[in-house]
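Listed below are the residues making up each chain.
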Amino acid sequence: MSERFTVSVEPALAQDFDDFIKRKGYSNRSEAVRDLIRGALAKERLSPEQDGACVGVLSYMYDHHERELSKRLTQTHHAHYNLTVTTLHMHLDHDMCVESVLLKGTARDVQAFAESVMARPGIRHGQLHRIPLEHALDPGPAATPAHQHHHES
Ligand code: NI
């Protein structure tokens, strides 16, 4: 079920929007408006103020001969094992590696982790893409309070 609403805009803005729709390849105005709304809501959910749950895709390239870099990267990933879900590693050629890391956590934690990796000397073309999640993170079994045992003293 869709909800319909009418939006009034001045002719020049409507023209610019139709040009935008054509350039982006949207089939109609509704699809374009839906994407813009989703984009605006996502931006807000990922803002530091809201700090919503998200999935992050972090990718970068590095030279595995670079002193200590591979080791430090592994240490960073282990230090944040609660954020890093999985890592895909490609040996691009004799020297270069490309990694894509899937992250899950709050917008702020994911951003901070990605920045700490991307800022490392030797890391090239670092880029993070965050996708907001509708609901708060499931804390998982580890965060569930343990069953309270009663010990006789
Ligand atoms: Ni490699």
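Residues numbered from 1 in each chain as written. Predicted model: local features only at pLDDT ≥ 70, side-chain atom pairs only at ≥ 80, totals over all residues. Heavy atoms only, no water.

Things to note about the pairing of strand β2 (residues 84–91)
Link 1 in the chain: The pairing of β2 with strand β3 (residues 96–106) spans seven bridges and is antiparallel. The residue bridging His91 from the neighbouring strand is Cys97, located in β3.
Link 2 in the chain: Counted between consecutive antiparallel strands, the loop separating β2 from β3 contains four residues. (Pairing = 2+ DSSP bridges. Helix = DSSP H or I, 4+ residues; strand = E, 2+ residues; numbered from the N terminus.)

Some remarks on the packing of helix α3 (residues 69–79) against helix α4 (residues 107–118)
Link 1 in the chain: Two elements in contact, α3 and α4, have axes whose closest approach is 11 Å; the angle formed by their N-to-C orientations is 170°. Relative to α4, α3 is oriented roughly antiparallel. Between α3 and α4, the residues in contact are Leu73, Thr76 and His77 and Phe113, Ser116 and Val117, respectively.
Link 2 in the chain: Its residues assigned to classes, the contact of α3 with α4 shows three nonpolar, three polar and no charged. (Axes fitted to C-alpha atoms, helices over the stretch in contact; angles between N-to-C directions. Parallel < 35°, antiparallel > 145°, perpendicular 65-115°, else oblique. Contact = heavy atoms within 4.5 Å. Nonpolar A, V, L, I, M, F, W, Y, C, P; charged D, E, K, R; others polar.)

Here's the deal with the layout of surface pockets
Link 1 in the chain: Space inside the largest pocket adds up to approximately 730 Å³.
Link 2 in the chain: As for the largest pocket, its lining consists of 17 residues, of which Phe5, Val7, Arg29, Ser30 and Val33 are closest to the centre.
Link 3 in the chain: Counting only elements with at least two residues in the lining of the largest pocket, the list comes to α1 (11–24) and α2 (29–45).
Link 4 in the chain: Of the residues contributing to the lining of the largest pocket, the split by class is nine nonpolar, three polar and five charged.
Link 5 in the chain: Counted as a void, the second largest pocket has a volume near 210 Å³.
Link 6 in the chain: Lining the second largest pocket are twelve residues, with Asn82, Lys104, Gly105, Leu137 and Asp138 positioned closest to its centre. (1 Å grid on protein atoms, 1.4 Å probe; cavity = no way out; pocket = protein on both sides within 12 Å on 5 of 7 lines; lining within 4 Å. Points joined across faces, edges and corners; volume = space filled by probe spheres on them.)

Re the domain arrangement of the protein chain
Link 1 in the chain: You can read the domains of the protein chain as domain 1 (11–45) and domain 2 (53–132).
Link 2 in the chain: For domain 1 and domain 2, the distance between their C-alpha centroids amounts to 32 Å. (Domains from an automatic or database assignment.)

A short note on the packing of aromatic side chains
Link 1 in the chain: Throughout the structure, instances matching the rule amount to three aromatic pairs.
Link 2 in the chain: Summarising the aromatic geometry, the rings of Tyr60 and Tyr62 are spaced 6.1 Å apart at their centres and angled 35° between planes, so their arrangement reads as tilted.
Link 3 in the chain: Overall, Tyr62 belongs to the buried group, its relative accessible area being 3%.
Link 4 in the chain: Through pairs of rings, three or more aromatic residues link up here, namely Phe17, Phe20 and Tyr26. (Phe/Tyr/Trp six-rings, centres within 6.5 Å; stacked < 30°, edge-to-face > 60°. Buried < 20%, exposed > 50% of the residue type's maximum accessible area, 1.4 Å probe, protein only.)

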